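Breakdown of the fold
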Amino acid sequence: MTTHDTFDLGGDLRVRRMGFGAMRLPVRALDASPNDRGTGLKILRRAVELGVDHIDTAAFYYHQDGPAANEMIRAALSPYPPGLVIATKVGPYRGPGDPFPSGQVPASGLRDEVERNLRELGLDRLDLVYLRHGGLEAPADEPIGERFEILAGLREEGLIRHLGLSHVTPAQLAEARGIAPVAAVQNRFDITRPQDAGLLETCEREHIAYAPYFPLGGFGIPDDARVGAVAARHGATVPQVLLAGLLALSPVMLAIPGTGSPDHLEENTAAAGLALTGEDLAALRS
């Protein structure tokens, strides 16, 4: 493992840039049916065997009639191996019967959400907590300071090691950084949708990790001829090129693809070893 393959979250948590997202463990995203818990546990253990040391989760990643991501992470991996970094998100509200989050937890409820993640994961301190703002629509450029101050206070208490932001604008990042250090940003981004390039440049300049959600395009792999051509040239799959392209795009980029399939886990993690050429990257940006 070289420093090129890793990133120092917050300056002191070194992680491999290919991580794992837990959203798809409890539920199949397209039809909202539950995944098999036993398969999820095997995926988590295999991910760590493959070298993954950064897992992204949330307490609202669960199926109403099935497993929950945090519970599976604890069952599969606790006691946690040294060096494993677990990131989580708070902010979205998911009420009884809601298949997906439907609103935002008030500032007064954020402590309870942090403590819920601590209990579910069996931790005394969370490595990284993102304040997730809004849903899947374009980020709304509205103040987030009151909510971020709550998390900053919990960081001062020692319940959180590093703070992050998810689904935010450049102005919101600047507002939050005026309150407390921001170690990571998690916005929507893939190499076929580079609309967040300006914020990515800020993260590069300030050494803030950028861990995009939907790194494989969201609800379905993009049908993009540029990606397909690069994949064919390397004998790789389209998802592998999407992931390798992210890692090649910026040294602060962290990939956190999720899956409920052991085969897809192997495929995704292997993308960390796919070396794209300058010609490949130019083709992907054309």
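See the structure above.
Residues numbered from 1 in each chain as written. Predicted model: local features only at pLDDT ≥ 70, side-chain atom pairs only at ≥ 80, totals over all residues. Heavy atoms only, no water.

1. Remarks on the environment of aspartate 141
Which entries qualify depends on this criterion: Secondary structure elements follow DSSP: runs of H or I no shorter than four residues count as helices, runs of E no shorter than two count as strands, and numbering proceeds from the N terminus. By definition, residues are in contact when any of their heavy atoms lie within 4.5 Å. Distance and chemistry together define a polar contact, namely a pair of N or O atoms within 3.5 Å, with one atom able to donate a hydrogen and the other to accept it when in protein, and with adjacent residues in sequence counting only for side-chain atoms on both sides.
By the secondary structure assignment, aspartate 141 is in the loop between β8 (126-132) and α4 (145-157). Through-space distance from the C-alpha of aspartate 141 to that of valine 230 is 36 Å; in sequence the pair is 89 residues apart. What aspartate 141 contacts, discounting residues up to four positions off in sequence, is Thr169, Ala171 and Gln172. Within polar-contact distance, the side chain of aspartate 141 engages the side chain of threonine 169 at 2.7 Å.

2. Quick word on the sheet that holds strand β5 (residues 85-90)
Backbone-to-backbone hydrogen bonds pair the strands of a sheet. The strands run either parallel or antiparallel. Heads up, the condition is: Between any two strands, pairing holds if DSSP finds at least two bridges.
Reading across from one edge, β3-β4-β5-β8-β9-β10-β11 is the order of the 7 strands in this open sheet, with parallel pairing throughout. Two strands bound the open sheet, and with one partner strand each, they are β3 (20-21) and β11 (209-210). When strand β4 (residues 54-56) meets β5, the two strands line up parallel, connected through 3 bridges. Bridge pairing in β5 places isoleucine 55 opposite isoleucine 86.

3. Comments concerning helix α7 (residues 225-234)
The line we're drawing: Partly exposed describes any residue whose relative accessible area lies between the buried limit of under 20% and the exposed limit of over 50%, with all areas from a 1.4 Å probe on protein chains only and scaled to the type maximum. The directions considered for the arc run from the helix axis to the C-beta atoms.
For α7, the complete set of buried residues consists of Val227, Val230 and Ala231. Buried positions in α7, seen along its axis, are confined to an arc of 100° and lie on one side of it. Across α7 from its buried face, at more than 90 degrees, point the exposed residues Ala225 and Ala232. Positioned one or two residues after α7, glycine 235 has a phi angle of 65°, which is positive.

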